[in-house]
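Next come the chains, spelled out residue by residue.
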Amino acid sequence: MSQGKTLKRLFFYMKRQRLLYVGLIITMLIGVTLDLWMAWFLSNVANAASTGEVEKWPFFIIMGITVLILLGLNSYLDHYWKTKVSVNIRKDMRVDTMEQLLKVSVAYRDDNHSGELLSRITMDNQAVGDGCGHTLMSLIKNPILIIASFIYLMLIHWQLALICLAIGPMTVLLGSVFGKWMRNNSGQLQETLGRLSAFLQDVLGGTSVVKTFGLERKLLNKFSGQNSTLVTLETSGGKIQGAASSISTVFGNLTFLIAILVAAFWVAEGSLEIGAMLAFIQLMNYLVGPFMQLPGEWASFQKSLGSADRIFSLLDAPTEVDTLPQEGKANKAFRSLNMSDVTFEYSSQGNPILNSVNLQADAGEVIAIVGPSGGGKSTLFRLLLGFYPITLGELSIDGRKLTDMSLQQLRGYFAYVPQENHLFTGTIRDNIADGNVDASEDEIIAAARSANAYDFIMQMEDGMDTEIGEQGIRLSGGQKQRISIARAILRDAPVLLLDEATAALDNESERLVQDALSRLMTGRTTLVIAHRLSTITHADRILVMVNGSIEESGSHAELMQQGTKYYQLYTTQLQKEFI
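The name given to the protein in an unreviewed UniProt entry is ABC transporter permease, with Paenibacillus crassostreae as the source organism. Turning to the protein, the UniProt annotation filed under Sequence similarities (unreviewed entry) states: "Belongs to the ABC transporter superfamily." For the record of the protein, the UniProt heading Subcellular location (unreviewed entry) holds the text "Cell membrane".

Given below as structure tokens:
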């Protein structure tokens, strides 16, 4: 994204803080005035001292105390408002970025690591906020202070002022060259930090695997490699900023020394007052100092623009909805679901994951979907939930086509219990209530009872208020699954999707979960992906999916009588259970 476009989009956030910026402009102008006053004060005190005008001292003391009070108050307001501007802009951008993360398509989320996306809402957000607060105001104040000091210098001695002005063109050149380099370096640095954040998230989320398989040394070596890349980029950025600072410092001080020597010569010659020389020295600090700071501040602002580019690239990502829907409500009525010649393929692949799938599910039916891994079973659920657009074919519910429904309306038909359930950090009550935000306490308890979860919940010290930790780390697999089922029960949707909900459980946990699922399935249309075939012999229909196609369909008895694929799967699994 071009710098102009980035600045234009940043201005959208900055204009919301226009009142604070007006206040900052006022404090900035007062600050510049007070800086110039210090030069005037120094000149007048020095001249009064050299001429013995002692009677002026009470006036100087009162004026000095007054200005110090004003200086302190102005400095406080200036810093506070800069911080507030930065905080408010970060807040607004965080909200927009979080909203965008909730609106982006599942495909986008699958293609981008959550840790890298997290860095946009944390590190990049911080850099942009700082750039729009302290850094930006310094970039505005320093040129104004330079111009005001130059005008004052012209009034004191125009020849000296022209000598000081020589630093200007060099500063502009430095800002242009080093600012561009710094922005490129910043972009690479933030990308590397994003990848490092993603890597750390993977490591911290897989502690048990790391320990069990002895991956500590391997992961440390991998981290060291990424860390070395980060160090290289940070060092490169330091070189760029150091070179800009070094050149501007040398040139600025050279200008300062030349001007001081010339001024001292004119004082010695009698053509310049000592007070004017002291004022000149003070003004030189206000002129040369800001000139030397500008390249570094511009480089820092370029770094903020690089972070803004990364945030805006996320805000420009494709979304599945234009606006976030209200809390989802389950639909109550359901007659039938129909998939007609549905084909699906990921854009990055050439082979279809589903190939001309036809499926009819009527109210109250239990349909099991079985087959080898990679056959397209889970993908079928993802299409039903609208996570991906259908490539070819048609999906309709109650005679209404998918294209005529919003995603919220589509998903309102379903409750979903995945194999790897996801619970949110918080209490057990909060996680169950996610099924229906308007549910009463009695309804939440009833759902927990139906899911065979109430007893173990009440055995915990805080009961429903028990904090479950990150992704339910404090709960067993069976306990997490039963809470997930309680959430689905509370949603009370007419169609239930079960994705191998008991595959990873021990026998006792499976018994409790299976019992809870039986209650959940009562009166609902159920599509269940089954790993253990003995659990779905009661299904009205069983579909055998192989390589994205439904190759067999029928009841358990019918498919066993055919003696083909389902028969082979069932008998092979049965033999393994008895070995």
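Structural notes on the overall build of the protein
When you go through the protein residue by residue, the secondary structure sums to 19 helices and ten strands. Classification of the 579 residues of the protein by burial places 47% in the buried group. Taking all contacts inside the protein whose residues are at least 6 apart in sequence as the whole, residues at least 24 apart take part in 78%. Surface summary for the protein: the accessible area is close to 29,000 Å², and the carbon and sulfur share equals 58%.

Quick look at the sheet that holds strand S10 (residues 549-554)
Strand order in the open sheet made by the six strands is S6-S7-S8-S3-S9-S10, with mixed pairing throughout. The open sheet is flanked by strand S6 (414-417) and S10, the only strands paired with a single partner. Mean inter-strand twist for the sheet, computed between neighbouring axes without regard to direction, equals 20°. In this sheet, strand S9 (residues 541-546) lies alongside strand S3 (residues 366-370) in parallel orientation, the contact comprising four bridges. Residue Ile367 lies in a different strand from S9, and its bridge partner there is Arg541. This element, helix H11 (residues 377-384), spans S3, S6, strand S7 (495-499), strand S8 (525-529) and S9 of the sheet and lies at about 145° to S8.

As for the sheet that holds strand S5 (residues 400-401)
Across the sheet, four strands lie side by side as S2-S1-S4-S5; this open sheet has antiparallel pairing. Each of the sheet's edge strands pairs with one partner strand only, and the pair in question is strand S2 (354-362) and S5. Of the pairings in the sheet, the one linking strand S1 (residues 336-344) to strand S4 (residues 392-397) comprises five bridges and is antiparallel in character. Counterpart to Leu337 in the pairing with S4 is Ile397. The sheet contacts of H11 involve S1, S2 and S4, and relative to S1 the element is tilted by about 115°.

Some details on the packing of aromatic side chains
Applying the stated criterion to the full structure yields eleven aromatic pairs. Measuring from ring centre to ring centre gives 6.0 Å for Phe59 and Phe60, while their planes differ by 50°; the resulting arrangement is tilted. With a relative accessible area of 6%, Phe60 lands in the buried category. For the pair Tyr76 and Tyr80, a centre-to-centre distance of 6.2 Å together with 5° between the ring planes defines the contact as stacked. You can see Tyr76 and its partner Tyr80 sitting in helix H3 (residues 57-103), four residues apart, about one turn around the helix.

Points about helix H2 (residues 18-51)
The terminal C-alpha atoms of H2, which comprises 34 residues, lie 49 Å apart, in line with the 50 Å expected from a rise of 1.5 Å per residue. Positive backbone phi, at 75°, marks Gly52, one or two positions downstream of H2.

Topic: a nonpolar patch on the surface
Together, Val22, Ile26, Ile30 and Leu70 give the surface a local cluster of nonpolar side chains, amounting to about 310 Å² of exposed area. Secondary-structure assignment places Ile30 in helix H2.

Description of a negative patch on the surface
Negative charge collects at one region of the surface, where Asp430, Asp434, Glu461, Asp462 and Glu467 lie side by side. With respect to the helices and strands, Asp462 occurs in the loop between helix H15 (454-459) and helix H16 (477-491). For Asp462, a relative accessible area of 47% translates into the label partly exposed.

Overview of the side chain of Thr525
With respect to the helices, strands and loops of the structure, Thr525 is situated in strand S8. Side-chain polar atoms of Thr525 contact the backbone oxygen of Asp362, separated by 3.4 Å. With sequence-adjacent residues up to four places away left out, Thr525 is seen in contact with Phe334, Ala361, Asp362, Ala363, Gly364, Glu365, Pro494, Val495 and Leu496.

Basis of the calculations
- Note that residues are indexed from 1 along each chain, following the sequence as it is written.
- Side-chain atom pairs in this predicted model are given and counted only at pLDDT of 80 or more, local residue features only at pLDDT of at least 70, and totals for whole chains, interfaces and linings cover all residues.
- The basis for every side-chain value is the complete set of non-hydrogen atoms in the structure, without hydrogens or water.
- UniProt positions are given in the numbering used here, feature names are shortened, and annotations may be inferred rather than shown by experiment.
- Labels follow the DSSP assignment, with helices taken as runs of H or I lasting at least four residues and strands as runs of E lasting at least two, numbered in each case from the N terminus.
- Burial here depends on accessible area, computed with a 1.4 Å probe over protein chains only, as a share of the maximum for the residue type. Under 20% is buried, over 50% is exposed, and the range in between is partly exposed.
- In this description, contact between two residues means that some pair of their heavy atoms is separated by no more than 4.5 Å.
- Working definition of accessibility: Shrake-Rupley area with a 1.4 Å probe, residue cover restricted to the visible protein chains.
- A pair of strands is treated as paired once DSSP finds two or more bridges between them.
- Here an axis means a line fitted to C-alpha atoms, over the contact stretch when the element is a helix, while the angle between two N-to-C directions is reported on a 0 to 180 degree scale.
- Centres within 6.5 Å make a pair out of two Phe, Tyr or Trp rings, where for Trp the six-membered ring is used; the pair is then stacked when the planes are under 30 degrees apart, edge-to-face when over 60, and tilted otherwise.
- Expected helix span is computed as 1.5 Å times (number of residues minus one).
- Residues qualify for a patch when their relative accessible area is over 30% and they have no salt bridge, like charges being joined within 9 Å and the nonpolar side chains of Val, Leu, Ile, Met, Phe, Trp and Tyr within 5 Å.
- Should a side-chain nitrogen of Lys or Arg be within 4 Å of a carboxyl oxygen of Asp or Glu, the pair is scored as a salt bridge.
- Residues scored as positive are Lys and Arg, those scored as negative are Asp and Glu, and His as well as the terminal groups of each chain are ignored.
- Charge placement uses NZ in Lys and CZ in Arg. For Asp and Glu, CG and CD serve respectively.
- Polar contacts, as used here, are pairs of N or O atoms within 3.5 Å; protein pairs need one atom able to donate a hydrogen and one able to accept it. Residues neighboring in sequence count only if both atoms are side-chain atoms.

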